[in-house]
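Here are the chains, one letter per residue:
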Amino acid sequence: AGEEAEKKLESNPEQVLKESKSRLSEYDLLDMMVLFPGGEEIKQAAWEVSSIVLKQAIARMEDSDDKPVDFSEIRGCTITFPASFPYTALGLTKRAANLVDELKKLNENERLHFLPEPIAAFIGMLESEGRSEFQNGDTVLVVDIGAGTTDTTIIEIEEMGDSFPTLKILEVGDHVLQGGNNYDR
C-alpha cells in the first residue's frame, strides 16, 4: 500500500491490487498479489486489503499538533460505503474493519457504524447549510463523484427530527465507473 504500491504499479502492475473497494464483491478476484511494506508479496483477498488500508490510515492519523491520535479518547466511528454497494461487499467491509484493533473495540461497544455515502453527504450538507430549507416529504438528489465511480441517489426526508433526520433511499442510479481517477488521465 502507499508509495511502495505506486512504485510496484510502475514495474509490475499485474502484481498490485488497485481500487480494491470496487472489487470487494468480485469473487474471481479474491486472491490477488499485494505489496506489503518491506517488498514482500503475499496473495490477499480484496477485503483483507481493505483491512490493511484501514490499519494504515488509522496509524497515520495525527492530531492538530502533529502527534498520533489517542484512540482511547475516540468514542465512535462511522465508515461510509457507496449506496450501490452489494450486501456482500458491505459484509466484507465490516469484516475488514473488525480486523483493525481500534475499530474492533468500538464495534464491541456498538460504537462502529456503517452509513451509505449519500446519506452521510446529505447529513453533512444539512449541518453546514442549515435545515430550514427542507421539510418532511422532500426528495433530494445526491451526486457523489468519488475517485473511481460516480453515484447518484434519490433520498426522501421522512422526518427532519430535532437532531438527526430520518432518511430513506428511494433510488440508486447505476454504478458508473467514472470518477476522479478517470478525469486525471
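These numbers come from a predicted model, not from an experiment.

A. Examining the packing of aromatic side chains more closely. Within the structure shown, the criterion is met by 2 aromatic pairs. Each ring, one from Phe-81 and one from Phe-85, has its centre 6.3 Å from the other, and the planes form 20°; the classification is stacked. For the pair shown, Phe-81 and Phe-85 are each scored as buried. With 5.4 Å between their ring centres and 80° between their planes, Phe-122 and Phe-134 make a pair best called edge-to-face. Taken as a pair, Phe-122 in helix α5 (residues 117–129) and Phe-134 in the loop between α5 and β5 (139–145) lie far apart in primary sequence, 12 residues in all.

B. Region of interest: α5. Compared with an ideal rise of 1.5 Å per residue, which puts 13 residues at 18 Å, α5 spans 18 Å between its outermost C-alpha atoms and is within 8% of the ideal. Residues of α5 that are buried include every one of Glu-117, Pro-118, Ile-119, Phe-122, Ile-123 and Leu-126, and no others. The inward-facing, buried residues of α5 abut β3 (77–81), β4 (112–116), β5, β6 (150–159) and β7 (166–172). Note on α5: the residue one or two positions beyond its end, Gly-130, has a positive phi of about 100°.

C. Just the sheet that holds β6, in detail. With antiparallel pairing, 3 strands are arranged side by side in an open sheet as β5-β6-β7. Unpaired on one side and paired on the other, β5 and β7 mark the two borders of the sheet. In this sheet, neighbouring strand axes are inclined to one another by 35° on average, regardless of whether the strands run parallel or antiparallel. As paired elements, β6 and β7 share 6 bridges and run antiparallel to each other.

D. Representation of the side chain of Thr-153 in the model. Examined against the element boundaries, Thr-153 turns out to sit in strand β6. When residues no more than four places from it in sequence are discounted, the contact partners of Thr-153 are Ala-83, Pro-118, Val-140, Leu-141, Val-142, Ile-169, Glu-171 and Val-172.

E. Local environment of the environment of Lys-104. Mapping Lys-104 onto the fold places it in helix α4 (residues 101–108). Spatially, the C-alpha atom of Lys-104 lies 9.7 Å from that of Lys-94, the residues being 10 residues apart in sequence. What Lys-104 contacts, discounting residues up to four positions off in sequence, is Ala-97 and Asn-98.

F. A nonpolar patch on the surface, seen in detail. Judged by side-chain polarity, Leu-141, Val-143, Ile-145, Ile-154 and Leu-170 come together as a nonpolar surface patch covering roughly 430 Å² of accessible area. Per-element tally for the nonpolar patch: the top contributor is β5, with 3 residues. Tracing the backbone shows Ile-145 in strand β5.

G. Layout of the packing of helix α2 (residues 46–59) against helix α3 (residues 87–97). Contact geometry for α2 and α3: axes closest at 8 Å, N-to-C directions at 45°. It follows that α2 is oblique to α3 by the angle criterion. The chirality of how α2 crosses α3 is right-handed. Between α2 and α3, the contacting residues are Trp-47, Ser-50, Ser-51 and Leu-54 on the first element and Leu-92, Arg-95, Ala-96 and Ala-97 on the second.

Here is what the cut-offs are and how they apply
- Residues numbered from 1 in each chain as written.
- Predicted model: local features only at pLDDT ≥ 70, side-chain atom pairs only at ≥ 80, totals over all residues.
- Heavy atoms only, no water.
- Phe/Tyr/Trp six-rings, centres within 6.5 Å; stacked < 30°, edge-to-face > 60°.
- Buried < 20%, exposed > 50% of the residue type's maximum accessible area, 1.4 Å probe, protein only.
- Helix = DSSP H or I, 4+ residues; strand = E, 2+ residues; numbered from the N terminus.
- Expected span 1.5 Å × (residues − 1).
- Contact = heavy atoms within 4.5 Å.
- Pairing = 2+ DSSP bridges.
- Axes fitted to C-alpha atoms, helices over the stretch in contact; angles between N-to-C directions.
- Patch = residues over 30% accessible without salt bridge, like charges linked within 9 Å, V, L, I, M, F, W, Y side chains within 5 Å.
- Areas by Shrake-Rupley, 256 points an atom, 1.4 Å probe, with all protein chains shown as cover.
- Salt bridge = Lys/Arg side-chain N within 4 Å of Asp/Glu carboxyl O.
- Parallel < 35°, antiparallel > 145°, perpendicular 65-115°, else oblique.
- Left-handed = near helix turned anticlockwise from the far one by under 90°.

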